[in-house]
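# Summary of structural features
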Amino acid sequence: MEISDEFEATPSAESVFENEVQTVFQETLGLIHIALVSHYQLTEQEATELEKDLFVWFRRFCYRPGASVRENRPYLLVACCQFAREYQKYVVGTGVRASDDRLKSILDREPADVAHDFSRSLQLYDFRRSDA
Amino acid sequence: MLLMTFRAVCNCTTSAVQMPDVANVLRFRPRVTSASLSREDVDLRADEFLASELYDSESEVDRTLGVDGDVLTAVCKRLGDVLNEDPRAVGEKAPRLYRYLCAKSSRDFFFDERDFFLGESALLAAGASRLLGKKEETELWLDRADANFRHTVSPSPQLARVAYIRLTLRYQTRRHEEVLELLPSVTLTFEKLGMENDEAKCRFLEAMSLKELGRVEESSTKLERLAFSRRERVDQSLYGMALVNLGDLRSEKGCFDSALAAYKEAMPLLQAANRHYALADLKVMVGGTLRKMGQLTQALGAYRDAVQDHVNLGMATRVAYLRILFAEVLLEAGKVREAEWEILAALPTIDQEQMVPEGFAAAALLRESVRQRNPDSNALFELREYLQASN
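Since the model is a prediction, treat every value here as computed from it, not as a measurement. (Residues numbered from 1 in each chain as written. Chains lettered and ligands numbered in written order. Predicted model: local features only at pLDDT ≥ 70, side-chain atom pairs only at ≥ 80, totals over all residues.)

## Comments concerning the overall build of chain B
So the rule is basically this: For the purposes of this entry, the term helix denotes a DSSP run of H or I that reaches at least four residues, the term strand denotes a run of E that reaches at least two, and both are numbered from the N terminus. Neighbour counting defines burial: a residue surrounded by 20 or more other C-beta atoms within 10 Å of its own C-beta is buried, one with 12 or fewer is exposed, and intermediate counts give partly exposed, using backbone-placed C-beta atoms. By definition, residue pairs are in contact when their C-beta atoms, positioned from the backbone, come within 7 Å.
Counting its secondary structure elements, chain B contains 19 helices and zero strands. Taking all 391 residues of chain B together, the buried fraction comes to 48%. Considering only contacts within chain B whose residues lie at least 6 apart along the sequence, 58% involve residues at least 24 apart.

Below, the structure written as structure tokens:
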């Protein structure tokens, strides 16, 4: 009797979905990192830790009904800005880190507004992606 | 370390809630993340969670599991999957899950997840209460769901689902014109968000409201469109329910054969989905059609089964209505003693649940006539009409 050495050719719907979540998160990660480090002035290590949390959240968020994984990217940015803001407020509030005008200015803004600005970068990315 | 401490103290939602006085809350345990849980672990823990008796923060289950987003997602999905099949079980477990989550702090969750899971558990409890005919409880659970979903990052899909259940409540209280006025907005939300199943449910509710308003042709057209344009991502039992009601409309028009054909087509769809409630309703419709066809013996069999099915489902008010309907057919068939039994079994629930305050006189007349062992068919008819209007 011959035993086929072929593996299952078609991946499950769940693994396709998980891959898409991972892909979209990876595509957005550069922007997230810029938001965390350049704008919200987190250290590299802090940003990396927050990015891990964001991925865990985003993966579950994508299972909620209502939008495709790709359409959920703006919400990922909102969550990123919200969490970065609350974190920096906490750090500055405890006196561990001093604030400057640039940091104060971004902490005064609503995270959704900051995320909105970043979303424009995503649109530009999408445009370039479709163009390519 | 600073980040871990922060994770433990922060309350991260999209609302503009200010941070608490952080200087006082530095010593919180670090939060355990769920990134390392395998699918099997998640399933196992979801089962353990649902099987546990207490769901409280002091229980052994809580000490073992802690709060885990993946497990909670699996728990909510399981409850959602069996909602239509077993609303009584969901009606017990979802409120307990809600109370369990209420006792937890935001710091145990990622970002907006406490609000999301509270909203989900409340929505499940609302869905179960509605199916069990508990209108006031449903409204309270919907308010709770609404209050929690509003603080999530993307509330529109969940709030639309809350709005949908509110409309089904209006349907149940016979405010059909209002349903038809408000439904298009909810339908459009689902359409825009690509929520095909919820959109199909709205289209079904629209057809049902038209049916109740006597706009038979419009209702038939919409039910046919729904039943015969099937989509893969829509719960197939919804098509079964569309066919059941299409059969009922055909039966009203005297097209008995095509009515029975629609019922026949609906049955496997409902059976495959374990839609016991809809199957029980199907028996009521079949009973009605057989009664119109003059096949009283078969009609009585269908009604008898339907009553028993509703009893098994724990739908007390619906059972009371069906017993009265069954009694009417029993009287028609000359089975007076059996009719008395059904009436006597129904009246306590009708009184207790105040099902027809406006039909009080008819209920009193009927009770007296049964006491004299001579059921008043007019009072029975009148009471059935009142009940039908409120069911």
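## Here we look at helix 7 (residues 135-149) of chain B
Residues and elements named next belong to chain B. Our working rule: Multiplying one less than the number of residues by 1.5 Å gives the expected span of a helix. What the arc describes is the spread of directions from the helix axis to the C-beta atoms.
Between its first and last C-alpha atoms helix 7 spans 21 Å; for 15 residues at 1.5 Å apiece the expected length is 21 Å, and the two agree. For helix 7, the full list of buried residues reads Thr138, Trp141, Leu142, Arg144, Ala145, Asn148 and Phe149. When helix 7 is viewed along its axis, its buried side chains cluster within an angular range of 160 degrees and face the same direction. Against the buried residues of helix 7 lie helix 6 (113-131) and helix 8 (156-172).

## Concerning the nonpolar core
Heads up, the condition is: The nonpolar core criterion groups buried Ala, Val, Leu, Ile, Met, Phe, Trp, Tyr and Cys residues into a set whenever they are joined through C-beta atoms within 7 Å.
In this structure, B:Val75, B:Phe204, B:Ala242, B:Leu282, B:Tyr303, B:Ile324 and B:Leu383 are the most contacted members of the largest nonpolar core, which totals 104 residues. Those residues in contact with B:Ile324 that sit more than four places away from it in its chain are B:Ile343, B:Ala346, B:Leu380, B:Leu383, B:Arg384 and B:Leu387. A:Cys80, A:Phe83, A:Tyr90 and B:Phe111 belong to the second largest nonpolar core, which has 34 residues in total.

## Regarding the confidence of the model for chain B
Low-confidence regions, as indicated by low pLDDT, have predicted coordinates that should not be scrutinised in detail. Stated formally: Scored from 0 to 100, pLDDT reflects the predictor's confidence in each residue.
Within chain B, residue pLDDT values average 85, and 87% of them lie at 70 or more. For this predicted complex, the interface confidence comes out at an ipTM of 0.80, alongside a pTM of 0.78.

## Regarding the environment of B:Tyr321
Its location among the elements puts B:Tyr321 in helix 16 (residues 316-332). Measuring from C-alpha to C-alpha, the distance between B:Tyr321 and B:Thr349 comes to 9.4 Å, with 28 residues separating the pair along the chain.

## Let's talk about the confidence of the model for chain A
Residues and elements named next belong to chain A. On average, residues of chain A score 83 in pLDDT, and 83% of them reach the 70 mark or higher. Mean pLDDT in chain A bottoms out at helix 5 (residues 111-131), which sits at 70, and peaks at helix 1 (residues 13-39), which reaches 92. Scored below 50 in pLDDT, residues 1-7 shows zero contacts in the model against residues more than four places distant or in partner chains.

## Describing the packing of helix 7 of chain B against helix 8 of chain B
Residues and elements named next belong to chain B. We count it as follows: Simply put, an axis is a line fit to the C-alpha atoms, just over the touching stretch for a helix, and the angle between two N-to-C directions goes from 0 to 180 degrees. Roughly parallel means an angle under 35 degrees; roughly antiparallel means over 145; roughly perpendicular covers 65 to 115; every other angle is labelled oblique. The crossing is said to be left-handed when, going from far helix to near helix, the turn is anticlockwise and less than a right angle, and right-handed when the turn is clockwise. Gly is put with the polar residues, along with every residue not named as nonpolar or charged; the nonpolar set is Ala, Val, Leu, Ile, Met, Phe, Trp, Tyr, Cys and Pro, and the charged set is Asp, Glu, Lys and Arg.
Where helix 7 contacts helix 8, the two axes come as close as 10 Å, and the packing angle between them is 165 degrees. Relative to helix 8, helix 7 is oriented roughly antiparallel. Of the two possible hands of crossing, helix 7 and helix 8 adopt the one that is left-handed. Of the residues in helix 8, those touching helix 7 at Lys135, Thr138, Glu139, Leu142, Ala145, Asp146 and Phe149 are Gln158, Leu159, Val162, Ile165, Arg166, Leu169 and Gln172. Of the residues contributing to the contact of helix 7 with helix 8, the split by class is seven nonpolar, three polar and four charged.

## Some thoughts on unusual backbone geometry
In terms of backbone geometry, most residues other than glycine have negative phi values and most peptide bonds are trans. Phi at A:Gln41 is positive, roughly 55 degrees, even though this residue is not glycine. With respect to the secondary-structure elements, A:Gln41 resides in the loop between helix 1 and helix 2 (44-63). For B:Phe111, which is not glycine, the phi torsion reads 45 degrees and is therefore positive. Note that B:Phe111 resides in the loop between helix 5 (87-102) and helix 6.

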